[in-house]
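# Report on the structure
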Amino acid sequence: MVRRVAVVGAGSSGLACIKICVDEGLEPVCFESSDDIGGLWKFKESPEPERSSIYRSLVVNTSKEMMCFSDFPMPADYPNYFHNSQLLQYFRLYAEHFDLFKYINFQTTVKSVTQRPDFSLSGQWDIMTINREGKEERHVFDAVLVCSGHYTRPVLPLSDFPGHETFSGKCFHSWEYKDADAFREKRVVVVGIGNSGGDIAVETSRSAKKTFLSTREGVWVISRMSSNGLPLDMTAITRLNNILTLLLPSTLVNWATERALNQKYDHRLYGLKPRHRFLDKRPLINNDLPGQILQGALVMKPNVKGFKDSGVVFEDGTVEENIDAVVFCTGYKVSFPFLPPALSEGPHGDMTLYKRLFPPSLVQPTLAVMGLFQTKGPIMPIVEMQARWAVKVFAGLSRLPSKEKMLAVIESETKRNMKSVMIDFQSQVGVRPSFVTLLLRDPVLWVKVFLGPCTPYQYRLTGPGQWAGARQAILTQWERVAQPFRTRVVPEPESRPSSFCSPWLLIFGGTVITAVLLSKNEVVPVLQGAAQILDRCKIFLKDSWFTG
């Protein structure tokens, strides 16, 4: 029977895993190699080997209501998109609220995780750690949750570019980048147009003499803001939108989305237009990049071909001379050196995971790797759901298919190039809301859940791990979105809209006309019935949209 669970890492994933283990009556022991929680989101002035690193100005690109833990809303006064230091503070609030610090062993590095001799029967693991005094310690655990992240080993592909040995400028990975101070009045090339590449290119372009952004394929660029200045993910990630995306032809969805993006700024004109369609890959989330291109501070370039003295040669044959620095935003190598090599069964030594979570080769499913996926939305709620499912599997409450079936699923997803996670963890955990039941019992909440943003609180309404505050959190989510904007009292307009434009009047008029057409001989009774129906509709709609 699983009791003791090792949690490797105390970042966002590790904290969620500790809390879920405690909720399920297990005994988590967390090993964190640094002296603090936060993992990736703990900013350090200088990068440290074998650890993740972020730049000083980093701001989250998913909004607070969409990315929070499912039973712990972020403070109402937080901006909707906030600085990395505020996310770290949120982790502290979460850990303090659920008393998680007592389970964490800081400055303790996991050196090895190996199966015990009787693993086929017990499913247990031997874990070797080194504590802050440099002393090795051996532990036995019933299960392991790997939460150490995969942004620790930067990929710097200099060998792919001829002439780099004699290039007079500086080449380095974005893992080393902290701010743009060193690039004032310099000529800079940024290679790669992921979110880090976009951020760094924009930031350096504000102080550098000229910044060039090199991309192999281009990218679709979206802003954090939607219509009326609301957070994009709050308006885009809804169940209704998901249903429409599944029902409508992908060609139509791509055409409509790309057309809307090009109306803001023509991606072809700006040198951004990619080879792929919008739904095929993750877009770049960046508010400022098109503006920097518009004012000439940032120049788009094709892929780098090589180096020549002080110049950078691009694939279209152009050369930019007197380049002072090249920042490679070229990703990271996924590596877990403390895990058994046999778990890395992929063609290039990659870790192969069933549903991006479980190694299929294990006889006993008592190890799970958290967060090893890409997604077009917030990551933290999905990792939390991963942990809830993993703990159920550890406890024997949920069973995985055979190794052959798991490998078949992995192969199928690989052939379809499913790099983004599209897994129904809600059903695996048993927390997917029943919409029919919800409509009958609580129509106000049904409207919020079905038509509103798919916030994490929805997965605490029912089933295992139910949270009594979930309903109220959903009803008040837009209130927390509005809270940080309320820094200045704005007077209400003196003139009220004409009553002739009132939506209630239009609804009443439509009801009356319908009633007259359907029942000419009993106009008065029908009108009375229509008025009663209208009153009920008004009460329902007011409760639905304006509560909280």
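A quick note: this is a predicted structure, and the numbers were derived from the prediction, not measured.

Thresholds, definitions, all that
- Per-chain numbering applies: the sequence of each chain, read as written, is numbered from 1 onward.
- The predicted origin of the model limits local features to residues at a pLDDT of at least 70 and limits the giving and counting of side-chain atom pairs to 80 or more, whereas totals for whole chains, interfaces and linings rest on all residues.
- Excluded from the side-chain calculation are hydrogens and water; included are all heavy atoms of the structure.
- Helix axes use the C-alpha atoms of the stretch in contact, all axes being lines fitted to C-alpha atoms, and the angles between their N-to-C directions lie in the range 0 to 180 degrees.
- Comment: elements are numbered from the N terminus, with helices defined as DSSP H or I runs of at least four residues and strands as E runs of at least two.
- Angular relationships are summarised with four words: roughly parallel below 35 degrees, roughly antiparallel beyond 145, roughly perpendicular across 65 to 115, and oblique for the angles in between.
- Two residues form a contact once any of their heavy atoms are found within 4.5 Å.
- Polarity classes work like this: nonpolar for Ala, Val, Leu, Ile, Met, Phe, Trp, Tyr, Cys and Pro, charged for Asp, Glu, Lys and Arg, and polar for all others, with Gly in that last group.
- Criterion for a salt bridge: a side-chain nitrogen of Lys or Arg within 4 Å of a carboxyl oxygen of Asp or Glu.
- Exposure is judged per residue with a 1.4 Å probe applied to protein chains only, and the accessible area is read against the type maximum: over 50% gives exposed, under 20% gives buried, and values in between give partly exposed.
- What is meant by a nonpolar core is a set of buried Ala, Val, Leu, Ile, Met, Phe, Trp, Tyr and Cys residues, joined one to another through side-chain atoms within 4.5 Å.
- Here, any two strands with at least 2 DSSP bridges between them count as paired.
- Like-charged residues are merged into a patch within 9 Å and nonpolar side chains (Val, Leu, Ile, Met, Phe, Trp, Tyr) within 5 Å, provided each residue has over 30% relative accessible area and no salt bridge.
- Each accessible area is a Shrake-Rupley estimate made with a 1.4 Å probe; only the visible protein chains count as cover when residues are assessed.
- Less than a right angle of anticlockwise turn of the near helix away from the far helix marks a crossing as left-handed, whereas a clockwise turn marks it as right-handed.
- Looking down the strands as they point away from you, a crossover is right-handed if its path from the first strand over the helix to the second goes clockwise.

## Describing the packing of helix α7 (residues 239-247) against helix α14 (residues 443-451)
One can describe the packing of α7 onto α14 by two numbers: an axis separation of 6 Å at closest approach and a directional angle of 50 degrees. As the angle between them shows, α7 and α14 are arranged oblique. Counted together, Arg239, Leu240 and Ile243 of α7 and Val449, Phe450 and Leu451 of α14 form the full contact between these two elements. The residue inventory of the contact of α7 with α14, partitioned by class, reads five nonpolar, no polar and one charged.

## Observations concerning the environment of Leu121
Mapped onto the fold, Leu121 is located in helix α4 (residues 119-122). Put simply, Leu121 and Gln364 are 243 residues apart on the chain and 7.8 Å apart in space, counted from C-alpha to C-alpha.

## Looking at the pattern of salt bridges
Should their charged atoms come close, side chains of opposite charge can pair. Counted by the stated rule, this structure contains 22 salt bridges. With its nearest N and O atoms 2.9 Å apart, the salt bridge here joins Glu65 to Arg480. Residue Glu65 is located in helix α2 (residues 64-67), and its partner Arg480 is located in helix α16 (residues 477-482); the two are separated by 415 residues in the primary sequence. With respect to burial, Glu65 and Arg480 carry one shared label: buried. One continuous salt-bridge network, built from bridges that share partners, spans Lys19, Asp23, Asp71, Glu384 and Arg460.

## A closer look at the nonpolar core
Ranked by internal contacts, the top residues of the largest apolar core, which has 100 residues, are Leu87, Tyr90, Phe91, Leu145, Phe358, Met370 and Trp389. When residues of this core are assigned to their parent elements, the largest contribution, 10 residues, is made by helix α10 (residues 380-394). With 22 residues, the next largest nonpolar core counts Ile127, Val144, Phe338 and Leu367 among its residues.

## A look at the sheet that holds strand β17 (residues 325-328)
Strand-to-strand pairing in sheets goes through backbone hydrogen bonds, with the strands running parallel or antiparallel. The parallel open sheet is built from five strands, whose spatial order is β8-β17-β9-β10-β13. Both outer strands of the open sheet, β8 (170-173) and β13 (298-301), are each paired with one neighbouring strand and no more. Adjacent strand axes in the sheet meet at a mean angle of 20 degrees when their direction is disregarded. For strand β9 (residues 187-191) and β17, the ladder comprises four bridges, and the chain directions are parallel. Considered in β17, the bridge of Val190 is made with Val327. Relative to strand β10 (residues 210-214), helix α5 (residues 195-205) is tilted by about 165 degrees, and along the sheet it contacts β9, β10, β13 and β17.

## Considerations on a nonpolar patch on the surface
The grouping of Leu240, Leu244, Leu248, Leu252, Trp255 and Leu451 at the surface amounts to a nonpolar patch, some 510 Å² of accessible area in total. Broken down by secondary-structure element, the contributors of at least two residues to the nonpolar patch are α7 and α8 (250-264). Residue placement: Leu451 occurs in helix α14. Residue class for Leu451 comes out partly exposed when judged on its relative accessible area of 33%.

## Structural notes on the packing of helix α1 (residues 12-23) against helix α3 (residues 84-97)
The interhelical angle for the contact between α1 and α3, taken along N-to-C directions, is 15 degrees, at an axis separation of 11 Å. Regarding the angle of α1 to α3, the classification is roughly parallel. The handedness of the crossing between α1 and α3 is left-handed. For the pair α1 and α3, the contacting residues are Ser12, Leu15, Ala16 and Lys19 in the first and Phe91, Tyr94 and Ala95 in the second. Classifying every residue of the contact of α1 with α3 by side-chain character gives five nonpolar, one polar and one charged.

## Re the environment of Thr330
Along the chain, Thr330 turns up in the loop between β17 and β18 (367-369). Once the C-alpha coordinates of Thr330 and Val190 are considered, the two residues, 140 residues apart in sequence, prove to be 9.9 Å apart. Excluding its chain neighbours within four sequence positions, the residues that come into contact with Thr330 are Val155, Leu156, Pro157, His173 and Val191.

## As for the pairing of strand β1 (residues 4-8)
The buried count for β1 comes to four of five residues, which makes it a mostly enclosed element. Of the pairings in the sheet, the one linking β1 to strand β2 (residues 27-31) comprises five bridges and is parallel in character. Counterpart to Val5 in the pairing with β2 is Pro28. Once the chain exits β1 it traverses α1 before rejoining the sheet at β2, and the crossover so formed is right-handed.

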